[in-house]
Amino acid sequence: MTNSKPESISSLPTRVLNLVDCGVIVLDHEGCIVLWNGWLVPRSGRGAARMQGHALIEVFPDLRGSRVEAAIFAALLEGVVTEHVPLSHSRAPFPLREPGSFDGALIDQAVSVTPFDEDGRRFCLVEIRDVSSVAVRERRLLEHAESLRARSYIDGLTGIANRRHFDVALERELRRAQRADSALALLLVDIDSFKAYNDHFGHQQGDSCLTMVAQELAGMLKRPADLAARYGGEEFAAVLPDTTLEQARVLADRIRAHVAGLGLQQAPAAHHPQVTLSIGVAAFDRARLNAPEALIEAADKALYAAKRGGRNRVVADGDAVDAAA
Ligand SMILES: Nc1nc2c(ncn2[C@@H]2O[C@H](COP(=O)(O)OP(=O)(O)OP(=O)(O)O)[C@@H](O)[C@H]2O)c(=O)[nH]1
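This report concerns the structure included in the present document. (Residues numbered from 1 in each chain as written. Predicted model: local features only at pLDDT ≥ 70, side-chain atom pairs only at ≥ 80, totals over all residues. Heavy atoms only, no water.)

## What to know about the overall build of the protein chain
Put simply, the test is: Strands here mean DSSP runs of E at least two residues long; helices mean DSSP runs of H or I at least four residues long; both are numbered from the N terminus. Here the term buried applies to any residue with accessible area under 20% of the maximum for its type, exposed to any over 50%, and partly exposed to those in between, with areas from a 1.4 Å probe on protein chains only. Note that accessible areas follow from Shrake-Rupley with a 1.4 Å probe, and for residues the cover is restricted to the protein chains shown.
Scanning the protein chain from terminus to terminus reveals twelve helices and nine strands. Counting over 325 residues, the protein chain shows a buried share of 42%. Carbon and sulfur atoms make up 54% of the accessible area of the protein chain, which amounts to about 17700 Å² in all.

Now the structure itself:
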């Protein structure tokens, strides 16, 4: 009875070491493994008996030149403790996987290195923690932040780009057109008599109409660099890189005809029996229309001329001047 007690106590540290929820490696002053705990066995596929006596760096040659190796040198030679070894390229310095998965993804690891002296000899303790769930949480947070950022560039009602997105895109494309001396066109698109539509069908149906027109407009722009945006209220815009004024006029008229052809019923008080669009077109011109404000103003003047000309029509920058004259 009294004899069995010290024996069970002497096996206690080993049992506990094998139960702790992290990898524990002890190295001697030459960097050879003297202890390899049970946590590491199913994650590395290597038992303690196979590891003891081998130099860590020979078992894991990928550690050569790593910050983990530097922390181990600092511990063994200078007694330096490194609580969280900063990991430069990889969060997985040791080839450890989920228990029992031989070809699964490496688990993300946090590594600490602590020197200690025993019987006048220097050892070092390497602790490895599985931080995969932390890494997953971090990734989710990043994705969430990304999706919030994306949403802040999308109009909540219509699902197309919002005004902020439009401003950024126009500025960027204008700079690109200036640099590359390429074409760039802008459409300002306004739903005709929309006040009458709202008054007759109600605001909610007005919202549905806006969404439908926005989606039709976006669907008509085929090039990846084209951008359809809600400019504000019942007004939309399209940024069209590598598109001349004449090409933009043709596209604008196709959009106008397409929406008129949908046959969406308008209010009796509206100018036309169907939902129609008026569109103003302007294009980048190095001498005159070379800034976002100038381009928008020219497209807006053209749009105004289309309204005055009877609505359900397209007016381009030069035409607008003629119409105003
Ligand atoms: N349902 C809805 N209506 C909106 C929204 N934003 C702006 N409007 C409405 O759009 C209408 C625009 O009216 P006006 O600027 O007078 O122009 P209009 O009636 O379209 O006439 P013209 O542009 O001259 O053809 C207003 O009644 C606004 O309330 C919106 O998000 N939803």
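What follows continues from the structure just given.
## Focus on the pattern of salt bridges
Put simply, the test is: By convention in these notes, a salt bridge is any Lys or Arg side-chain nitrogen within 4 Å of a carboxyl oxygen on Asp or Glu.
Under the defined criterion, the tally for this structure stands at 18 salt bridges. Where Arg-176 meets Glu-173, a salt bridge forms, and the shortest distance between an N and an O atom there is 2.9 Å. Of this pair, Arg-176 and Glu-173 both sit in helix H7 (residues 163–180), three residues apart, which is roughly one turn of the helix. Close ionic contact of Arg-286 with Asp-181 constitutes a salt bridge, the shortest N to O distance being 3.3 Å. Here Arg-286 is found in the loop between strand S8 (277–283) and helix H11 (292–308), whereas its partner Asp-181 is found in the loop between H7 and strand S5 (184–191), with 105 residues between them in sequence. Overall, Arg-286 belongs to the partly exposed group, its relative accessible area being 44%. Each of Arg-172, Glu-173, Arg-176 and Asp-242 takes part in salt bridges that share partners, so that together they form one network.

## So, the sheet that holds strand S9 (residues 314–316)
The cut-off we apply is this: Only strands joined by at least two bridges in the DSSP assignment are considered to pair. Lines fitted to C-alpha atoms define the axes here, with helix axes fitted over just the stretch in contact, and angles between the N-to-C directions of these axes take values from 0 to 180 degrees. Residue contacts follow a heavy-atom distance rule, with two residues in contact if any of their heavy atoms lie within 4.5 Å.
Strand order in the open sheet formed by five strands is S6-S7-S5-S8-S9, with mixed pairing between adjacent strands. For this open sheet the edge positions go to strand S6 (227–232) and S9, each flanked by a neighbour on one side alone. Each neighbouring strand pair of the sheet contributes to a mean axis angle of 20°, computed without reference to strand direction. Running at roughly 130° to S6, H7 makes contact with S5, S6 and strand S7 (235–241) of the sheet.

## Some words on the site of the ligand
Convention followed: The nearness test applies per residue and asks whether one of its heavy atoms lies within 4 Å of the molecule or strand. Any N or O atom pair separated by 3.5 Å or less is treated as a polar contact, with the protein-specific requirement of one donor-capable and one acceptor-capable atom, and with residues adjacent in sequence counted only for side-chain atom pairs. Three classes are used, and their members are as follows: Ala, Val, Leu, Ile, Met, Phe, Trp, Tyr, Cys and Pro are nonpolar, Asp, Glu, Lys and Arg are charged, and the others, Gly among them, are polar.
Near the ligand there are 16 residues, and of these Ser-193, Phe-194, Asn-198, Asp-207 and Arg-230 occur at the shortest range. Between the ligand and Phe-194, the relevant distance is 2.6 Å, taken from an oxygen atom to a main-chain nitrogen or oxygen of the residue. Here Lys-307 contributes a side-chain N or O atom positioned 2.8 Å from an oxygen atom of the ligand. When the free accessible area of the ligand is taken as 660 Å², the share hidden by the protein chains comes to 67%. Mapped by element, the contributors of at least two residues to the shell around the ligand are S5, helix H8 (194–201) and helix H9 (203–220). The dominant element in the shell around the ligand, judged by the number of residues it contributes, is H9, at four residues. Among the residues making up the shell around the ligand, the classes are represented as three nonpolar, five polar and eight charged.

## A short note on the nonpolar core
Threshold: Residue types Ala, Val, Leu, Ile, Met, Phe, Trp, Tyr and Cys, when buried and joined through side-chain atoms within 4.5 Å, form a set referred to as a nonpolar core.
Among the nonpolar cores identified, the biggest contains 31 residues, and Leu-187, Phe-236, Ile-255 and Ile-279 are the most heavily contacted of them. When residues of this core are traced back to their parent elements, those giving at least two are S5, H8, H9, S7, helix H10 (245–261), S8 and S9. The dominant element in this core, judged by the number of residues it contributes, is H9, at six residues. In this structure, Ile-57, Ala-75, Cys-124 and Ile-128 belong to the second largest nonpolar core, which totals 26 residues.

## A few points about the pairing of strand S2 (residues 33–36)
As judged from the three bridges shared by strand S1 (residues 23–27) and S2, these two strands associate in the antiparallel manner. Considered in S2, the bridge of Leu-27 is made with Ile-33. Following S1, the chain reverses through five residues before pairing antiparallel with S2; Gly-31 in that reversal takes a positive phi of roughly 80°.

## Regarding the pairing of S8
Of all the seven residues making up S8, seven are buried; the element is thus mostly covered by neighbouring parts of the structure. In S8, alternate side chains face the same way, and those of Leu-277, Ile-279, Val-281 and Ala-283 on one face and Ser-278, Gly-280 and Ala-282 on the other are all buried. Note that S5 and S8 share seven bridges and pair antiparallel. By the bridge assignment, Val-189 is partnered in S8 with Ile-279.

## Quick notes on the sheet that holds strand S3 (residues 109–118)
Backbone-to-backbone hydrogen bonds pair the strands of a sheet. The strands run either parallel or antiparallel. Taken in spatial order, the four strands of this open sheet run S2-S1-S4-S3, and their pairing is antiparallel. Across the chains shown, the open sheet's two edge strands, defined by having one partner strand only, are S2 and S3. Averaged over neighbouring strand pairs, the angle between their axes works out to 20° when direction is ignored. Across the sheet, helix H5 (residues 67–78) is in contact with S1, S3 and strand S4 (121–130); its angle to S4 comes to roughly 150°.

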